[in-house]
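Here's the letter readout for the chains.
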Amino acid sequence: MANYQNQILIARARRGFFDLNTLRRIGAFLGLNGILVLAALTTIGLALVTYSATVQVNPIQQFTIGATSDSWTVYVNEVNQVRYLSGGSSQPTFNASDTDTYAFKVVTDANKVCAVKIELTEAINISKFSNFNITAQYWTGAAWADATLYDAATGSTTKSSIDGLTGGDAGYINQAVSTTTYYLIKVTYSYDLVDETDQVTATFQYTPLPQDSF
Amino acid sequence: MEQKNHSLRVRLVLGLVSLIVGFFASNLALFHWIERTNIYYLLGDYARYTCAYSGFAAMILGALLINDFLTFRSLPKRKNQIEKINI
């Protein structure tokens, strides 16, 4: 008996599932309407098939802002004095966990270098300051050292400082791959043209510009 | 008899499913179809029309299956009643 049933199963397997008899049985079970319904549902499924691929996009932030405000005291008739952002009249004691001890931080991975454009949103009043030169410093691990300023996001032409008295003048620091560096803004100024004591606001703007290379 | 009841139940379920799916498919094709660039359907430009007409067909045929269930479920009772009367 069991051998006979096995033979039937083997014969069915050889015929395949969609042989004529099977289709007849399904037709008898569901009726013509049922068969047509299955066909309609299958067609709906086929109509909605699209070719697609999913991509996960993982943004990486290279630039992190440090101190967002500071207060400097300048004296009438001072010449070529230095102020730091942050820190005021002296360089701050660096502390990586304290954002008030640096101006901004740049972290690069192995794929992209990063240039940061440094400029003033509005030029300093030339009737008050005779010079307002902006440079950048970076933390070497033991001390603050002067960073090289470039005149473009890519290229090797350097510039000594950014002229804060000229509107739109900007400088760039270029940071290589796979590094983490903290930067400080250094301003050398001369307030020797007037004896006014009205408050002056200087707003520094940083623009991180990821690059393939310099 | 048992197999016939089973068949009718299957037809009812299939009919309901088909009615609902057909409604949503045709509704999608008629009112919510967005022609997006760079989206390639298996059936190409005919995908929308295929979806719509298949939806209509699914709704009609689903209704017919439900009708089969409603019509044939009472037949065995009548047949039994007739047999009892004959006896």
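Residues numbered from 1 in each chain as written. Chains lettered and ligands numbered in written order. Predicted model: local features only at pLDDT ≥ 70, side-chain atom pairs only at ≥ 80, totals over all residues.

Caption draft 1: Main features of the overall build of chain A. For chain A, the count of helices and strands is two helices and 13 strands. Taken across its 214 residues, chain A has 25% of its residues classed as buried. At a minimum sequence separation of 6, the contacts of chain A that also span at least 24 residues come to 74%. (Helix = DSSP H or I, 4+ residues; strand = E, 2+ residues; numbered from the N terminus. Buried ≥ 20, exposed ≤ 12 C-beta atoms within 10 Å, placed from the backbone. Contact = placed C-beta atoms within 7 Å.)

Caption draft 2: Quick peek at the nonpolar core. In this structure, Ala136(A), Ile173(A), Tyr183(A), Leu184(A) and Ile185(A) are the most contacted members of the largest nonpolar core, which totals 33 residues. When contributions to this core are tallied by element, the ones reaching two or more residues are strand S3 (78-85), strand S4 (104-107), strand S5 (113-120), strand S6 (131-139), strand S11 (170-175) and strand S12 (180-191) of chain A. The element that contributes the greatest number of residues to this core is S12(A), accounting for seven residues. Excluding residues that lie within four positions of it along the chain, Leu184(A) makes contacts with Tyr84(A), Gln91(A), Tyr102(A), Ala103(A), Ala136(A), Gln137(A) and Trp144(A). Counting 16 residues, the second-largest nonpolar core is a separate cluster that includes Ile44(A), Ala47(A), Ala29(B) and Leu61(B). (Core = buried A, V, L, I, M, F, W, Y, C linked by C-beta atoms within 7 Å.)

Caption draft 3: Representation of the packing of helix H2 (residues 20-47) of chain A against helix H2 (residues 47-72) of chain B in the model. Contact geometry of H2(A) with H2(B) gives a least axis separation of 8 Å together with a crossing angle of 155 degrees. Considered as vectors, H2(A) and H2(B) are oriented roughly antiparallel to each other. As H2(A) runs across H2(B), the sense of the crossing is left-handed. Residues Gly31(A), Asn33(A), Gly34(A), Leu36(A), Val37(A), Ala40(A), Leu41(A), Thr43(A), Ile44(A) and Ala47(A) of H2(A) form the contact with H2(B), whose participating residues are Ala47(B), Thr50(B), Cys51(B), Ser54(B), Gly55(B), Ala57(B), Ala58(B), Leu61(B), Gly62(B), Leu64(B), Leu65(B) and Asp68(B). Residue classes in the contact of H2(A) with H2(B) are distributed as 13 nonpolar, eight polar and one charged. (Axes fitted to C-alpha atoms, helices over the stretch in contact; angles between N-to-C directions. Parallel < 35°, antiparallel > 145°, perpendicular 65-115°, else oblique. Left-handed = near helix turned anticlockwise from the far one by under 90°. Nonpolar A, V, L, I, M, F, W, Y, C, P; charged D, E, K, R; others polar.)

Caption draft 4: Spatial organisation of unusual backbone geometry. All names here are of chain A. Ser86 follows Leu85 through a cis peptide bond whose omega is 5 degrees. Relative to the assigned elements, Ser86 resides in the loop between S3 and S4. A positive phi angle, close to 50 degrees, is found at Asn80, a residue other than glycine. With respect to the element layout, Asn80 can be found in strand S3. Assessed through the 11 C-beta atoms surrounding it within 10 Å, Asn80 is described here as exposed.

Caption draft 5: Spotlight on the interface of chain A and chain B. If you look at the interface, chain A gives 17 residues, while chain B gives 25 residues. Within the residue set of the side of chain A that touches chain B, elements represented by two or more residues are H2 and strand S1 (50-51) of chain A. Among the elements that line the side of chain A that touches chain B, the one with the most residues is H2(A), at 13 residues. Here the side of chain A that touches chain B is composed, by residue class, of 12 nonpolar, five polar and no charged.

Caption draft 6: Local environment of H2(B). If you check H2(B), its first and last C-alpha atoms are 36 Å apart, about what 26 residues at 1.5 Å a residue would give, namely 38 Å. Within H2(B) the residues assigned to the buried category are Ala47(B), Thr50(B), Cys51(B), Ser54(B), Gly55(B), Ala57(B), Ala58(B), Met59(B), Leu61(B), Gly62(B), Leu65(B) and Asp68(B). (Expected span 1.5 Å × (residues − 1).)

Caption draft 7: Fine view of the environment of Leu193(A). All names here are of chain A. Along the polypeptide, Leu193 turns up in the loop between S12 and strand S13 (204-211). For the pair Leu193 and Phe129, spaced 64 residues apart in sequence, the C-alpha separation works out to 6.3 Å. Setting aside residues up to four positions removed in sequence, Leu193 forms contacts with Ser127, Lys128, Phe129 and Ser130.

Caption draft 8: Spotlight on the pairing of S4(A). All names here are of chain A. In S4, alternate side chains face the same way, and those of Phe104 and Val106 are buried while those of Lys105 and Val107 on the opposite face are not. Judged from the three bridges that link them, strand S2 (residues 63-65) and S4 form a sheet pairing that is antiparallel. Residue pairing in the sheet places Ile65 in a bridge with Phe104 of S4. The sheet contact formed by S4 and S12 spans four bridges and is antiparallel. (Pairing = 2+ DSSP bridges.)

Caption draft 9: Fine view of H2(A). Residue and element names in this part refer to chain A. With 28 residues, H2 should cover 40 Å at 1.5 Å per step; its first-to-last C-alpha distance of 28 Å lies more than 12% under that length. Along its length, H2 shows its largest kink, about 105 degrees, at Gly31. Asn33, Gly34, Val37, Ala40, Leu41, Ile44 and Ala47 are the residues of H2 that are buried. (Bend = angle between axes of the 7 residues up to and from the residue.)

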